[in-house]
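Topology and contacts: notes
Here is what each chain is made of, one letter per residue.
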Amino acid sequence: GVERVNANEHALVERLIQGLGEIAGVTIYGGRDVSRRTAAVSINIDGVAPKEASAALSDRQGIVCRAGFHCAPMAHETIGSHPRGGTVRFSPGPFSTEAEIDAAIEGVAQLARGG
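My aim in this report is to walk through the structure given alongside it, one point at a time.

Thresholds applied
- Residues numbered from 1 in each chain as written.
- Predicted model: local features only at pLDDT ≥ 70, side-chain atom pairs only at ≥ 80, totals over all residues.
- Heavy atoms only, no water.
- Helix = DSSP H or I, 4+ residues; strand = E, 2+ residues; numbered from the N terminus.
- Expected span 1.5 Å × (residues − 1).
- Buried < 20%, exposed > 50% of the residue type's maximum accessible area, 1.4 Å probe, protein only.
- Arc of directions from axis to C-beta.
- Contact = heavy atoms within 4.5 Å.
- Axes fitted to C-alpha atoms, helices over the stretch in contact; angles between N-to-C directions.
- Parallel < 35°, antiparallel > 145°, perpendicular 65-115°, else oblique.
- Left-handed = near helix turned anticlockwise from the far one by under 90°.
- Nonpolar A, V, L, I, M, F, W, Y, C, P; charged D, E, K, R; others polar.
- Core = buried A, V, L, I, M, F, W, Y, C linked by side-chain atoms within 4.5 Å.

So, about helix H2 (residues 50–61). With twelve residues, H2 should reach 16 Å at 1.5 Å per residue; the first-to-last C-alpha distance of 16 Å fits that figure. For H2, the complete set of buried residues consists of Pro50, Ala53, Ser54, Ala56 and Leu57. Buried residues of H2 fall within an arc of 165 degrees about the axis and therefore sit on the same side. Facing away from the buried side of H2 by over 90 degrees, the exposed positions are Lys51, Glu52 and Asp59. Buried residues in H2 make contact with strand S2 (41–45), strand S3 (66–68), strand S4 (87–90) and helix H4 (98–112). A positive phi of about 70 degrees marks Gly62, the residue just after H2.

This part covers the packing of H2 against H4. At a closest axis distance of 10 Å, the pairing of H2 and H4 adopts a crossing angle of 120 degrees. Relative to H4, the element H2 lies oblique. As H2 runs across H4, the sense of the crossing is right-handed. On the side of H2, the interface is formed by Ala53, Ala56, Leu57, Arg60 and Gln61, while H4 contributes Gly107, Val108, Gln110 and Leu111. Split by residue class, the contact of H2 with H4 holds five nonpolar, three polar and one charged.

With that out of the way, let us pick up the nonpolar core. Residues Leu20, Ile43, Phe90 and Val108 are the most contacted members of the largest nonpolar core, which totals 27 residues. Looking at this core, the elements that each hand over two or more residues are helix H1 (2–21), strand S1 (26–29), S2, H2, S4 and H4. For Ile43, the residues in contact, after removing those within four places along its chain, are Leu20, Val26, Thr27, Ile28, Tyr29, Thr87, Val88, Phe90 and Val108.

The interhelical angle for the contact between H1 and H4, taken along N-to-C directions, is 20 degrees, at an axis separation of 10 Å. With respect to each other, H1 and H4 are oriented roughly parallel. Where H1 crosses over H4, the handedness of that crossing is right-handed. Of the residues in H4, those touching H1 at Leu12, Arg15, Leu16, Gly19 and Leu20 are Glu98, Ile101, Asp102, Ala104, Ile105 and Val108. Within the contact of H1 with H4, the residues separate by chemical class into seven nonpolar, one polar and three charged.

Spelled out as structure tokens, the structure:
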């Protein structure tokens, strides 16, 4: 049912935010309380442009994410990511798995380490 789908999505987003939050050089935008946010998680990695990060994650590890302003350029002005070209956005859904979340975290960690 809907409650189960929501609970799974919240668990995946919490895992993603926690894992990304442990990586030096990663900025997570938005609150950390998964009960008060959508499943979209936007980040930036120090020294890596969002488009470069998204392309590297896709090409190297098959991780699907999006880079840019996400149809909200003024929001990016507000959060300060506009000069960088926006953010990298992950959007776990009902069919996402813990393994996919862990792969995304590891991929971001590799990029943050310069790899």
